[in-house]
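If you want the building blocks of each chain, they are given just below.
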Amino acid sequence: MSDSTLVSEADQSLYALSAEGQALLFTEAKTAYAFRDEPVGDDRLQAIYELFKWAPTSANINPLRILYVRTEDGKRRLLDGVAPPNREQTASAPVTAVLAADTQYAEYVPLLAPSNPQLRAMLESNEALRVAQMDLNARLQAGYFVLAVRAAGLAAGPMGGFDAHAVDEEFFPDGRWKSVLLVNIGHPAEGAFRERGARLSYEQAVRLA
């Protein structure tokens, strides 16, 4: 049994998530590089969001925003900013999510963190703090977004090979949203997945103090 297979029955008691759930989200999940020509409906896109939105963030600030690109015109405009090695896989995806950080996320802090009434003013008066919190938490949320795509029964192809400045100029010209990551979404085509790369062992990656 390979490292990527389901955990053994003896180990299964250590996990709250079923073996099937672990496989869907982690042990058997892989980045998809090709997608079937099968649409992804609005209900599925909303289902992804309804899972993703519960990701933890500092003080519940939730700075990440999503642009779902799925029209022919939208994909054409997006592909201009995608690095050549990634264009084919992006073109094949019925939907590409542009994950972006909202530079004005502090606007929603009174709604999201009502127990901290001073937080909005603190963030708006301290640019370094505001930007640092935006960057950290947007990237944290991006990881949860990939898991939400998988949990909704779709394949995810996250990638950073794109010109963020070009994408922002094309889709977010007012400068408020800043793209962080692209995630291709859809039903995987035959040959969509590559051989899984190695992972470090527990002993190599973990220290106890």
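Described in the following lines is the structure provided in the data block. (Residues numbered from 1 in each chain as written. Predicted model: local features only at pLDDT ≥ 70, side-chain atom pairs only at ≥ 80, totals over all residues. Heavy atoms only, no water.)

Some words on the overall build of the protein
Going by this rule: Every helix listed is a DSSP run of H or I at least four residues long, and every strand listed is a run of E at least two residues long, numbered separately from the N terminus. The buried label goes to any residue with under 20% of its type's maximum accessible area, the exposed label to any with over 50%, and the partly exposed label to all in between, with areas taken from a 1.4 Å probe on protein chains only. For this analysis, residues touch if any pair of their heavy atoms sits within 4.5 Å. All accessible-area figures derive from a Shrake-Rupley calculation using a 1.4 Å probe, and residue coverage is judged against the displayed protein chains alone. When charges are counted, Lys and Arg contribute as positive and Asp and Glu as negative, whereas His and the chain ends are disregarded. Charged side chains are reduced to one point each, which is NZ for Lys, CZ for Arg, CG for Asp and CD for Glu.
Secondary structure summary: the protein contains ten helices and four strands in total. The order of helices and strands in the protein, counted from the N terminus, is α-α-α-β-α-α-β-α-α-α-β-α-β-α. Principal axes of the C-alpha set define a box for the protein whose edges measure 55 × 50 × 35 Å. In the protein, buried positions account for 39% of the 209 residues. Long-range pairs, those at least 24 residues apart, make up 77% of the contacts in the protein with a sequence separation of at least 6. Of the accessible surface of the protein, which amounts to about 12,300 Å², a share of 54% is contributed by carbon and sulfur atoms. Averaging the positions of the 20 positive and the 27 negative side-chain charges in the protein gives two centres separated by 3 Å.

Describing a nonpolar patch on the surface
Keep this limit in mind: Residues with no salt bridge and a relative accessible area higher than 30% make up the patches, which join like charges within 9 Å and nonpolar side chains (Val, Leu, Ile, Met, Phe, Trp, Tyr) within 5 Å. When a carboxyl oxygen of Asp or Glu lies within 4 Å of a side-chain nitrogen of Lys or Arg, that pair is called a salt bridge.
A grouping of Tyr202, Val206 and Leu208 is seen on the molecular surface, where their side chains present a nonpolar patch of about 350 Å² in accessible area. Structurally, the position occupied by tyrosine 202 is in helix H10 (residues 202-205).

Here's the deal with the side chain of serine 179
Threshold: Two N or O atoms form a polar contact when they lie within 3.5 Å of each other; inside protein one atom must be a possible hydrogen donor and the other a possible acceptor, and for residues adjacent in sequence the pair counts only when both atoms belong to side chains.
Among the secondary structure elements, serine 179 is positioned in strand E4 (residues 177-186). A polar contact is formed between the side chain of serine 179 and the backbone oxygen of alanine 164, at a distance of 3.5 Å. A polar contact is formed between the side chain of serine 179 and the side chain of aspartate 168, at a distance of 2.8 Å.

Looking at the pattern of salt bridges
Under the defined criterion, the tally for this structure stands at eleven salt bridges. Between arginine 76 and aspartate 73 there is a salt bridge, with the nearest N and O atoms lying 2.5 Å from each other. Highlighted residues: arginine 76 and aspartate 73, both in helix H4 (residues 72-79), separated by three residues, approximately one helical turn. Overall, the relative accessible area of 38% leaves aspartate 73 in the partly exposed class.

Some words on the side chain of glutamine 89
Relative to the elements of secondary structure, glutamine 89 occurs in helix H5 (residues 84-92). Each residue touching glutamine 89, except ones within four places of it in the same chain, is listed here: Tyr33, Phe35, Met159 and Asn184.

Honestly, it's all geometry; don't read function into it.
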